[in-house]
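Secondary and tertiary structure notes
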Amino acid sequence: MENSRLPQTFFRREAPELARELLGCILVRQTPAGITKGLIVETEAYSQEDAASHSYKGETARTAAMFGPAGHAYIYFTYGMHYCFNVVSGGIGHGQGVLIRALEPLEGIELMKQRRHKHDNHELCNGPAKLVQAMGITRADYGKALYKGNLYIEKSSGNAIEIKSGPRIGITKAMDAPWRFWIDGNQHVSR
DNA sequence: CTATTGATTGAT
DNA sequence: TCAATCAATAGG
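Residues numbered from 1 in each chain as written. Chains lettered and ligands numbered in written order. Predicted model: local features only at pLDDT ≥ 70, side-chain atom pairs only at ≥ 80, totals over all residues. Heavy atoms only, no water.

**Thoughts on the protein's contact with DNA strand C**
Around DNA strand C sit 24 residues, and of these His-54, Tyr-76, Asn-86, Ala-129 and Lys-130 come closest. Atoms of DNA strand C within 4 Å of the protein: sugar and phosphate make up 60%, bases the balance. Those elements giving two or more residues to the surface near DNA strand C turn out to be strand E3 (73–78), strand E4 (82–88), strand E5 (97–107) and helix H4 (128–135). Looking at the surface near DNA strand C residue by residue, the class counts come to 11 nonpolar, eight polar and five charged. (Near = heavy atom within 4 Å. Helix = DSSP H or I, 4+ residues; strand = E, 2+ residues; numbered from the N terminus. Nonpolar A, V, L, I, M, F, W, Y, C, P; charged D, E, K, R; others polar.)

Below is the structure:
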């Protein structure tokens, strides 16, 4: 039985706000091999006016999903070996999204360990390309809607969390923008 | 700290 | 066609 899946309307807001709202929500992946769930503990916002964003120079074949409707998946391949997962935010044509940087594993942990070839819980989802691997997300999920289908997000449990923010990681431009958000004190944040 | 690895992009 | 860049990770 499925808990409350977030509807498309939830994602229709500006990236920094959505990045905050997604903290404490649960990313869910259903596959024939089993279900995996993780609490979202770290995010980063990217917008079109932002020099560090893939959408900064306008829409390209690679970034098309960022300019599409909110609540869909933008997945990019980088460094010749890693995929990362974003949730598209804002309106159609806006070119923005929220990078999911880290999860706290909740369910399907054995499956995550198999996919990651790791046995330490803290090494399963504490980085953007790591959680993609642990959740079994692939290029085939590019552009897919998260408000339907087998990859989706459940609403926050409502537990009180303290949110911190700071500069984003791994970028070489707009390093002053404090658009990385994380749950204070959570042990699964990437660093 | 370094090596890895190849798609994407914009300039020749 | 070519070269630079890259929202990262694993292993010393």
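From this point on, the discussion continues.
**Structural notes on helix H3 (residues 109–116)**
Those residues of H3 lying buried are Leu-111, Met-112, Lys-113, Arg-115 and Arg-116. Buried residues along H3 sit in contact with strand E1 (26–31), strand E2 (34–46), E5 and H4. Note on H3: the residue one or two positions beyond its end, His-117, has a positive phi of about 60°. (Buried < 20%, exposed > 50% of the residue type's maximum accessible area, 1.4 Å probe, protein only. Contact = heavy atoms within 4.5 Å.)

**Structural notes on the pairing of E1**
Pairing geometry for E1 and E2, over six bridges, is antiparallel. Considered in E2, the bridge of Leu-27 is made with Gly-38. Hairpin connection, E1 to E2: the antiparallel pair is bridged by two residues. The sheet contact formed by E1 and strand E6 (residues 151–154) spans four bridges and is antiparallel. The residue bridging Arg-29 from the neighbouring strand is Leu-151, located in E6. (Pairing = 2+ DSSP bridges.)

**Details of unusual backbone geometry**
Despite not being glycine, Tyr-79 has its phi angle at roughly 55°, a positive value. Mapping Tyr-79 onto the fold places it in the loop between E3 and E4. Judged by its relative accessible area of 65%, Tyr-79 is exposed. Despite not being glycine, Ala-174 shows a phi value in the positive range, around 50°. Position of Ala-174 relative to the elements: it lies in the loop between strand E7 (163–166) and strand E8 (180–183).

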